[in-house]
Amino acid sequence: MVSSFLMFLCILCIHSSFPLLLAQQSYIGKYFTNCKITNNTSSVLGYSCNGRPTCPAYLVFRSRSPYESVASVSHLLTSDPSLLSQLNSVSRTATFPNNKEIIAPVECACSGEFYQANSSYVVVHGDTQFIIANYTYQGLTTCHALLYQNRDKPRILFSGTNLTVPVRCACPTRRQINSGVKFLLTYTVTAGDSVPSISQRIGVEPQSIVDANELSGDGQYLFPFTTLLIPLNNRPRIAPSPPPPSPPPPPPPSFSASGKISRKRRWVLVVSGCSTGVLVLLVSFIIFYIFYRGKSGKVDQTTAAVKRENFVNPHHKLVNPEELLAGVADVCCTLRDYQFEELQLATENFSTTRAIRGTLYQGILDGNAFVIKKVDADASKEISLLSRLNHFNIFRLLGFSVNQGQCYLVFEYAEKGLLTDWIHDKSESKFLSWTQRVQIAMDVSNGLNYLHNYIEPGQVHMDVTSSGVFLNSDLRAKIANFETVKLAEGGEGRYALTRHITGSKGYMAPEYLEHGLVSANVDVYAFGVVMLETVSGKKAVIVGERRDVFLAEAFIDFMSEEEALGERTEDFIDPFLHGKYPLDLAMLIFKLIGSCLSRDPENRPSMVEIVQVLSKLLDASLNWEQSVCGYEIQIVNGPAG
């Protein structure tokens, strides 16, 4: 009955938006030029969700300092560096020539009414929304989208502020899929571009671009810093760029060596941004007010759903179908409602041969593999949260099913299984190199950083473990197990309090275990344990004859010994590495782990700092891996050991 009603709701949602399913997207036009005007009839906030809820998508980005390497471009766009290097036929450590067109793969998903691929950006001196959108991201976002996505932050930007950047992407509509379109490429327009010239270089029919963007005429007149959606039947390729048009376009803003925009150029941008009249400002304010008020109700409902405290049943009673329905009704049109019979067929009736670990099963349906999780408690909180998350390093929820009070969650598949099996299974078939281990640590830190700082409200995972991290076919890490997530901050200060202590032995931070203090620092401590497991190959809890030993405590004792790092580093390095690791980098990793495991939570680094340090360590590790004569290490402003 509940399943049928869920399906009815989804059908109703789909039917009510049926005309949109056949429509494509509207070209943004000239509205990007004024950040103070919100045109609610154009796609300034993003491309409308009128196709599949999630899909792989591609972006075009042109290399320019400081975003000119695989690592820096991938980090800016939250793109998979392995896929990016493959698509552009370069190595993971490659640096692109200036103004080289780069194809970047992203995971595109619906967020409210619009598609986007969430990225993150730290503001530097001189930045405005206009500069970030049109120069840093080259039109792959808009100042309107930045303002709306970060409406909880001041409009005037200060150095060090973390912004969520909604990168423009989209999924094919039903009409496009039926005509053979598999992907959509977001192409950033430059001066001199036209639909005929773009179609010739990318190898698609001009009319398909005109249709996809609802352009009038033949698309001869396009505006720089705007984007076009290019329908593709296969993975994208771009022919060499044509000679620059004559006369050349106006030069971009000049930057000093420190990356600051020149005062003269900044003044020109300020004047151009303030050139609209009083009448236009008044109309814009009215439109924005109506639009924002309409949106705020939806946001408040979602936030309230996440804040409810009674989702988890400590006694593991069966799910109340009506309560689950109320908790997930908002997302029924973005997640698939599977029939229980489908999951039975996919898992051979949940046979032991399909079991992964605990309540996790491998499922095969229509030739596609999934991970299916049986949940005894109410899964509303987990579903509500996961439906809002969109990050490469977060295990993606695809759908759910309810049968006789039991809930089943369906996730993307991870070909390489769980991280814990790779670091604790002492066999040659599951060997991780030094660089692979650093990459996995980087992936987990990126996922936690997104969870802490780039969703609203910020969340604490509360149960980060090596058995809660999945690895895909490229051994890239994705964080799972979100049933114990809590808000990142308390109502009156940084810490929240709880009397219901849940977590995994060996991973719980001292302040949480002893006093019930909840903060992002709890995840930092657990991440330190996972990073230590990954490097050492040892388990978080070492079973002894008299008592169990916590790996974290043993490591802290080891770190306190004089000159321990210099003389006994190999005591905490996985023997399977057989000395095939850079000693200097291992010492730096140990210092980072030691800071994460500090008993004083205030002395632990933030996930932002951890990501910055690991990014440099990963670059150094890649250089070491490919170097015969040695490597250079440049670690700047790392957290104190």
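See the structure above.
All values reported here derive from a predicted model rather than from experimental measurement.

Turning to the overall build of the protein chain, a few remarks are in order. Scanning the protein chain from N- to C-terminus turns up 22 helices and 21 strands. Evaluated residue by residue, the protein chain yields a buried proportion of 51% over its 641 residues. In the protein chain, of all internal contacts separated by at least 6 residues, the share reaching a separation of at least 24 is 71%. When the accessible area of the protein chain is evaluated, it comes to approximately 30000 Å², of which 54% is carbon and sulfur surface.

With that settled, consider the side chain of Ser 72. Along the chain, Ser 72 turns up in helix α3 (residues 70-77). One polar contact links the side chain of Ser 72 to the main-chain amide nitrogen of Glu 68, over a distance of 3.3 Å. In terms of polar contacts, Ser 72 uses its side chain to reach the side chain of Ser 69, at 2.9 Å. For Ser 72, the residues in contact, after removing those within four places along its chain, are Pro 66 and Tyr 67.

Another aspect to go through is the packing of helix α19 (residues 551-560) against helix α21 (residues 583-596). Close contact between α19 and α21 brings their axes to 10 Å; oriented N to C, the two are set at 120°. By the angle between their axes, α19 is oblique relative to α21. For the crossing formed where α19 meets α21, the hand is left-handed. Counting all contacts with α19, which are made through Phe 555, Ile 556 and Met 559, the residues of α21 involved are Phe 590, Lys 591, Ile 593 and Gly 594. Class assignment for the residues of the contact of α19 with α21 results in five nonpolar, one polar and one charged.

Turning next to the nonpolar core. Core analysis: the biggest nonpolar cluster contains 86 residues, and Leu 389, Leu 409, Trp 434, Phe 482, Phe 527 and Leu 614 have the highest contact counts within it. The dominant element in this core, judged by the number of residues it contributes, is helix α18 (residues 520-536), at 10 residues. Setting aside its immediate chain neighbours within four residues, Leu 409 contacts Val 371, Ile 372, Lys 373, Val 375, Ala 379, Glu 382, Ile 383, Leu 397, Gly 399 and Phe 400. In terms of nonpolar packing, the next biggest core, distinct from the first, is built from 37 residues, Cys 55, Leu 77, Val 106 and Ala 117 among them.

With that settled, the discussion passes to the sheet that holds strand β11 (residues 397-403). Pairing in this open sheet of six strands is mixed, and the strands run β7-β11-β12-β10-β9-β8 from one edge to the other. Strand pairing shows two members of the sheet lacking a second neighbour, β7 (336-337) and β8 (355-357), which therefore form its edges. As judged from the five bridges shared by strand β10 (residues 368-375) and strand β12 (residues 406-411), these two strands associate in the antiparallel manner. Following the sheet pairing, Lys 373 is matched in β12 by Leu 409.

Before going further, it helps to examine the packing of aromatic side chains. Evaluated as defined, the whole model comprises 15 aromatic pairs. For the ring pair Phe 350 and Tyr 361, a centre distance of 5.2 Å and an interplane angle of 85° mean the geometry is edge-to-face. Here the residue Phe 350 occupies a position in the loop between α13 (340-346) and β8, and Tyr 361 occupies one in strand β9 (residues 360-365), the gap between them amounting to 11 residues. Accessibility assignment for this pair places Phe 350 and Tyr 361 in one class, buried. Geometrically, the ring pair formed by Phe 555 and Phe 572 is edge-to-face, given 5.3 Å between the ring centres and 80° between the ring planes. You can see Phe 555 sitting in helix α19 and its partner Phe 572 sitting in the loop between α20 (564-567) and α21, a full 17 residues away along the chain. An aromatic cluster is defined as three or more aromatic residues linked by ring pairs; in this entry it consists of Phe 340, Phe 350, Tyr 361 and Tyr 408. Directly above the aromatic system of Tyr 148 lies the positively charged group of Arg 151, at a separation of 4.1 Å from the ring centroid. The ring of Tyr 47 carries Arg 168 above its face, with NZ or CZ at 4.4 Å from the centroid.

The terminal C-alpha atoms of helix α22 (residues 607-626), which comprises 20 residues, lie 28 Å apart, in line with the 28 Å expected from a rise of 1.5 Å per residue. Looking at α22, one finds that the buried residues are Met 607, Val 608, Ile 610, Val 611, Val 613, Leu 614, Leu 617, Leu 618, Ala 620, Ser 621 and Leu 622. The inward-facing, buried residues of α22 abut α3, β4 (162-167), α16 (434-453), α18 and α21.

Further remarks concern the sheet that holds β4. Read across the sheet, six strands follow the order β4-β3-β2-β1-β5-β6 without closing on themselves; strand pairing throughout is mixed. Only two strands of the sheet have a single partner each, and these edge strands are β4 and β6 (227-232). Taken pair by pair, the neighbouring strands of this sheet meet at an average axis angle of 35°, ignoring direction. Here strand β3 (residues 114-122) runs beside β4; their pairing, made up of six bridges, is antiparallel. Residue pairing across strands places Ala 117 opposite Val 167, the latter belonging to β4.

What counts, and at which threshold
- Residues numbered from 1 in each chain as written.
- Predicted model: local features only at pLDDT ≥ 70, side-chain atom pairs only at ≥ 80, totals over all residues.
- Heavy atoms only, no water.
- Helix = DSSP H or I, 4+ residues; strand = E, 2+ residues; numbered from the N terminus.
- Buried < 20%, exposed > 50% of the residue type's maximum accessible area, 1.4 Å probe, protein only.
- Contact = heavy atoms within 4.5 Å.
- Areas by Shrake-Rupley, 256 points an atom, 1.4 Å probe, with all protein chains shown as cover.
- Polar contact = N/O pair within 3.5 Å; in protein donor to acceptor, adjacent residues only side chain to side chain.
- Axes fitted to C-alpha atoms, helices over the stretch in contact; angles between N-to-C directions.
- Parallel < 35°, antiparallel > 145°, perpendicular 65-115°, else oblique.
- Left-handed = near helix turned anticlockwise from the far one by under 90°.
- Nonpolar A, V, L, I, M, F, W, Y, C, P; charged D, E, K, R; others polar.
- Core = buried A, V, L, I, M, F, W, Y, C linked by side-chain atoms within 4.5 Å.
- Pairing = 2+ DSSP bridges.
- Phe/Tyr/Trp six-rings, centres within 6.5 Å; stacked < 30°, edge-to-face > 60°.
- Lys NZ or Arg CZ within 6 Å of the ring centre and 35° of its normal.
- Expected span 1.5 Å × (residues − 1).

Remember that the coordinates give geometry; whether it matters functionally is a separate question.
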